[in-house]
Amino acid sequence: MTASDRSGLAAGPVPARREMPGQARPAGAPAPGRARKTVSLYGLTFSLPMLLWQMIFFLAPLLFLVALSFWSVRNFRMEPDFNPDNWSRMLGRSVFWEAYLRTLLLSATAAIVTSAVAFPASYAIAFKLSETARRWAIFLMVIPFFTSYLVRVYSWQIFLSDNGIINALLAKIGLGPFPMLNSNFGTMVGYLTLCLPLVILLQLFSLIFVDRTLVEAAHNLRCGRLRTVFEVVVPAARVGLTIAALFCFILTFGDFVSPLYLGGGDPPTLSILITDTTKSGQQWPRAAVVALVMIATLLVIAFAAVRFAYKERGR
Amino acid sequence: MSDLSSSSGTRRHFLKGATALAGGVLATPFLNRRAFAQPVELTMLAWYGHAEPDVVAAFEAEHNVKFKPKYYTGGDNMLGLIAQSPPGTFDVILSDAEYVQQLNAAGYIEELDPADYPFGEYFPEFQQFPGHWQDGKLFSVLTRFGFLGVAYNTDAITEKEASTYNVYWSEKLTGKVGHFDWHLPNLGQISLLQGNASPYDIDEDAWEAVQEKMMTLRPQIGGFFDYGGTFSSLQSGQMLAMAGIGDWITGTLERNGAKVRSVIPEEGGLQWTESFSIGKGSAKADLAKKWIQYITSAQGQVKSATMAAYPALIPNKAGWELLSKEDPAEAKRQGMLLDDPSNAVEMIRQGRIKYRQLPFQQSLEDWNDFWSDYKGA
């Protein structure tokens, strides 16, 4: 196939290339100006709703949040202002940075633990189950979302409390009671409740599309099963696995329910710090500072994760 | 002929009847409109429970009113909601007493006429409640109150053990003491333990001492709970003692069979107080006034004392008398029997109870910042 053949294949809805002077346009291809117009309309039709959505529901509120972080509160009433005190006061407090590091650590742990727990399940569903069984497994993964997350977390209290079901069962074999509720362990159980089904699904949709011939080739070359998983399957599904872990991190980083109702709010995460800040003195501007730091952190981590996911092999 | 006249008479009667029926049918919408007029909507800003059917149903039926509640958690939240709403949004406002002055200073509530309310039936202590009057003018009417002390699990701790705030430091309660997540009652209790006669009016040295003492409690703490979390952790026995609350939570649990109680310790207890005001710019101020008259009457006070969401003491002496007739067990449980020498009002008269207030010598921000530091420690 020549270079001109390849350029001919690229004609159509693909954005128009700059043509070299004197280069012949393939037969039937639209004139450059016309092509640009068609592509522009086509692109606009499909990208405008998303663009508008992002402008209205992300960019505009984000800009408002930035402005809000400089407002003042007088007599429980917010007033537009340019007051940098909110930033210096919040960022100057050790309690903020302790909560920040704690939240970061908890979310990173949740992303690693959830991914590790989810992978064997998603691998088994993708590689070991029949088509029908796989469909049922996907359906079962969706079912938890039928019930409110708050209700699921509340029901965990019955299992995890000192006098709860798990400790009662352990007592029958002479163990416990183990303190599980109002601890980091409780928070982690809540995070798994929130993320595990979603992470399994995301991992699964990535593993399903791993080229089976690569696995067969590895086996033919006498690569062991475990080594095949880690050196063939995982790298091939890297994008999906990374995005699944990233979703887990994002969801848990801002979660308020599990740290409060299973972690006992002790010690507080950033989301609890936000509610504490708004509850007393209506300090929404200071809460906005915390929220903006959280958004900035998530943006950095999301960019890093996506970059890692799409990194070319060997680089 | 007779047949004809009979027939004619029948026709006349028929026409008469038909006319009357048609008139009746045509008038029905007007009759219906009077008999089944749309209820008037009355907006109420309050803690949860105040506009629930067990409290408001009788008033709603009598005055053809439908309450539209907006519930809040905490005085700051209440002030924020009012500040962010147009004037006249809330017809009736229930607030904790310490916030009435701020409501008044911000111009959020209407002046009231004392003659409209049954202050003559109130115990003298509650007739001129601090903060509710400004330059001889009334702005809010006290409707209920309660005491905050040591809330404890009766299986784990005896009443004698719970009769001091020092029980929070007991070894057998390590990791089993919870906090109701609000700095005012918790810090107020530690201030009382430190021997401050006015727990919220303390100088810098005393404030430092309160903070130091509070920090020593941190290893004992098993969690910080909101309203729902406080209920569930006490009910399940996950927490065996709870700081910052009183009978308003344990009373509800106790009525439902949980083994929890509250006691006023020897260092003294705190009093929370709730009062009704009429929102500035309310278009239904007359109806709002009728509601406050109802809920502060003996009949309304009984409803308030036995509110399903959380019980409370009532300031109306006639209310105490009616409660002891209608629900003597609850009157006894809450300490509202007039012939009981250790009843709730006697405790106040003995000086064992201090009002929960905003800090006098420090800013609310200072107290809140310390609370955040304490939680994160």
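Residues numbered from 1 in each chain as written. Chains lettered and ligands numbered in written order. Predicted model: local features only at pLDDT ≥ 70, side-chain atom pairs only at ≥ 80, totals over all residues. Heavy atoms only, no water.

Visitor: Report on the pairing of strand β8 (residues 177-180) of chain B, specifying residues and quantitative values.
Guide: Residues and elements named next belong to chain B. Of the two faces of β8, both are covered, the one formed by V177 and H179 as well as the one formed by G178 and F180. In terms of strand pairing, β8 meets strand β9 (residues 221-225) through 4 bridges, oriented parallel. Counted as the bridge partner of V177 is I221 from β9. Of the pairings in the sheet, the one linking β8 to strand β10 (residues 241-243) comprises 3 bridges and is parallel in character. From the neighbouring strand, G178 faces β10, where its bridge partner is M242. (Buried < 20%, exposed > 50% of the residue type's maximum accessible area, 1.4 Å probe, protein only. Helix = DSSP H or I, 4+ residues; strand = E, 2+ residues; numbered from the N terminus. Pairing = 2+ DSSP bridges.)

Visitor: Summarise the interface of chain A and chain B; cite the residues concerned and give the values.
Guide: Taken together, the contacts link 31 residues of chain A with 33 residues of chain B. Between chain A and chain B the total buried area reaches about 2500 Å² when both faces are included, carbon and sulfur atoms providing 37% of it. Linking chain A with chain B are 8 salt bridges, by the criterion used here. With a closest N to O distance of 2.3 Å, B:E365 and A:R286 form a salt bridge. Looking at the side of chain A that touches chain B, the elements with two or more residues in it are β2 (77-79), α4 (94-127), α6 (149-160), α12 (257-261), α13 (270-279) and α14 (284-309) of chain A. (Contact = heavy atoms within 4.5 Å. Buried area = accessible area lost by both parts, 1.4 Å probe. Salt bridge = Lys/Arg side-chain N within 4 Å of Asp/Glu carboxyl O.)

Visitor: Before we move on, can you summarise helix α10 (residues 298-305) of chain B with the specific residues and values?
Guide: Residue pairs spaced three or four apart in an α-helix point in one direction, given the helix's 3.6 residues per turn. Within α10(B), 6 of the 8 residues are buried, which leaves the element mostly enclosed by the surrounding structure. Restricting attention to buried positions, one finds in α10(B) the residues B:A298, B:G300, B:Q301, B:V302, B:S304 and B:A305.

Visitor: Break down the packing of aromatic side chains for me, with residues and values.
Guide: All names here are of chain B. Tallied over the entire structure, the rule returns 41 aromatic pairs over all chains. Considering the side-chain rings of W47 and Y72, the 5.6 Å spacing of their centres and the 55° angle between planes classify their relative orientation as tilted. Placement of W47 in strand β1 (residues 40-47) and of Y72 in strand β2 (residues 65-72) is noted, with a sequence separation of 25 residues between them. Seen from their ring centres, Y227 and W248 are 5.8 Å apart, and the 20° between their planes marks the pair as stacked. Within this pair, whereas Y227 is found in helix α7 (residues 227-235), its partner W248 is found in helix α8 (residues 247-255), the two being separated by 21 residues in sequence. Y227 gets classed as partly exposed once you look at its relative accessible area, which sits at 24%. Judged by relative accessible area, W248 falls into the buried class, the value being 9%. (Phe/Tyr/Trp six-rings, centres within 6.5 Å; stacked < 30°, edge-to-face > 60°.)

Visitor: Any details on the side chain of B:S275? Residues and values, ideally.
Guide: Residues and elements named next belong to chain B. One can find S275 in strand β12 (residues 269-278). Here S275 falls in the buried class, since its relative accessible area comes to 0%. A distance of 2.4 Å separates a polar atom in the side chain of S275 from a polar atom in the side chain of H132. Residues contacting S275, with those up to four places away along its chain left out, are I93, L94, S95, A97, V100, H132, S140, V141, L142 and T143. (Polar contact = N/O pair within 3.5 Å; in protein donor to acceptor, adjacent residues only side chain to side chain.)

Visitor: Just give me the short version of the sheet that holds β8(B), but keep the residues and values in it.
Guide: All names here are of chain B. Read across the sheet, 5 strands follow the order β9-β8-β10-β7-β11 without closing on themselves; strand pairing throughout is mixed. Where the open sheet ends on each side, the last strands, each with one partner, are β9 and β11 (260-263). Pairwise comparison of adjacent strand axes, ignoring direction, gives a mean angle of 25° for this sheet. Contacts from helix α14 (residues 364-376) reach β8 and β9, with the element oriented near 135° to β9. (Axes fitted to C-alpha atoms, helices over the stretch in contact; angles between N-to-C directions.)

Visitor: Outline the environment of B:I82, listing residues and values.
Guide: All names here are of chain B. Mapped onto the elements, I82 comes out in helix α3 (residues 75-83). Classification of I82 as buried rests on a relative accessible area of 8%. Measuring from C-alpha to C-alpha, the distance between I82 and L103 comes to 9.1 Å, with 21 residues separating the pair along the chain. Discounting residues that sit within four places of it in the chain, I82 has contacts with L45, F90, I93, L103 and Y108.

Visitor: Which residues make up the side chain of B:T250, and what values do they have?
Guide: All names here are of chain B. Along the polypeptide, T250 turns up in helix α8. On the accessibility criterion, T250 (0% relative accessible area) is buried. Among the polar contacts listed, one links the side chain of T250 to the side chain of S262, at a separation of 2.6 Å. Discounting chain neighbours no more than four positions away, the residues touching T250 are A151, L234, I245, V260, R261 and S262.

Visitor: Summarise the UniProt feature "transmembrane region" (unreviewed entry) in chain A; cite the residues concerned and give the values.
Guide: All names here are of chain A. UniProt records the feature "transmembrane region" (unreviewed entry) for residues 51-73, 99-124, 136-154, 188-210, 230-253 and 287-310 in the present numbering. Along residues 51-73 the backbone is 78% helical and 9% strand, and the end-to-end C-alpha distance reaches 34 Å. In residues 287-310, helix accounts for 96% and strand for 0%; the two terminal C-alpha atoms are 35 Å from one another. (UniProt positions renumbered as here; feature names shortened; annotations may be inferred.)

Visitor: If you had to explain the environment of A:E231 to someone new, which residues and values would you point to?
Guide: Residues and elements named next belong to chain A. Its place among the elements puts E231 in helix α10 (residues 225-236). With relative accessibility at 44%, the residue E231 sits in the partly exposed group. Taking the C-alpha atoms as reference points, E231 and A218, 13 residues apart in sequence, are found 9.1 Å from one another.

Visitor: Residue-level account of the nonpolar core, with values.
Guide: Ranked by size, the top nonpolar core spans 118 residues in total, and within it B:F67, B:M78, B:F126, B:F147 and B:W291 carry the most contacts. Counting residues per element, this core draws most heavily on helix α9 (residues 285-296) of chain B, which supplies 6 residues. When we break this core down by domain, the ones giving at least three residues each are domain 1 (40-145 + 272-337) and domain 2 (150-267 + 356-376) of chain B. Counting 51 residues, the second largest nonpolar core, distinct from the first, contains A:M90, A:F119, A:Y123 and A:V199. (Core = buried A, V, L, I, M, F, W, Y, C linked by side-chain atoms within 4.5 Å. Domains from an automatic or database assignment.)

Visitor: Requested: an account of the packing of helix α6 (residues 204-217) of chain B against α14(B), with residues and values cited.
Guide: All names here are of chain B. Running from amino to carboxyl end, α6 crosses α14 at an angle of 25°, the nearest separation of the two axes being 11 Å. What the angle tells us is that α6 and α14 run roughly parallel. In this structure, α6 crosses over α14, and the sense of that crossing is right-handed. Contact residues: W207, Q211, M214, M215 and L217 in α6; D366, W367, F370, W371, D373 and Y374 in α14. Residue composition of the contact of α6 with α14, grouped by class: 8 nonpolar, 1 polar and 2 charged. (Parallel < 35°, antiparallel > 145°, perpendicular 65-115°, else oblique. Left-handed = near helix turned anticlockwise from the far one by under 90°. Nonpolar A, V, L, I, M, F, W, Y, C, P; charged D, E, K, R; others polar.)

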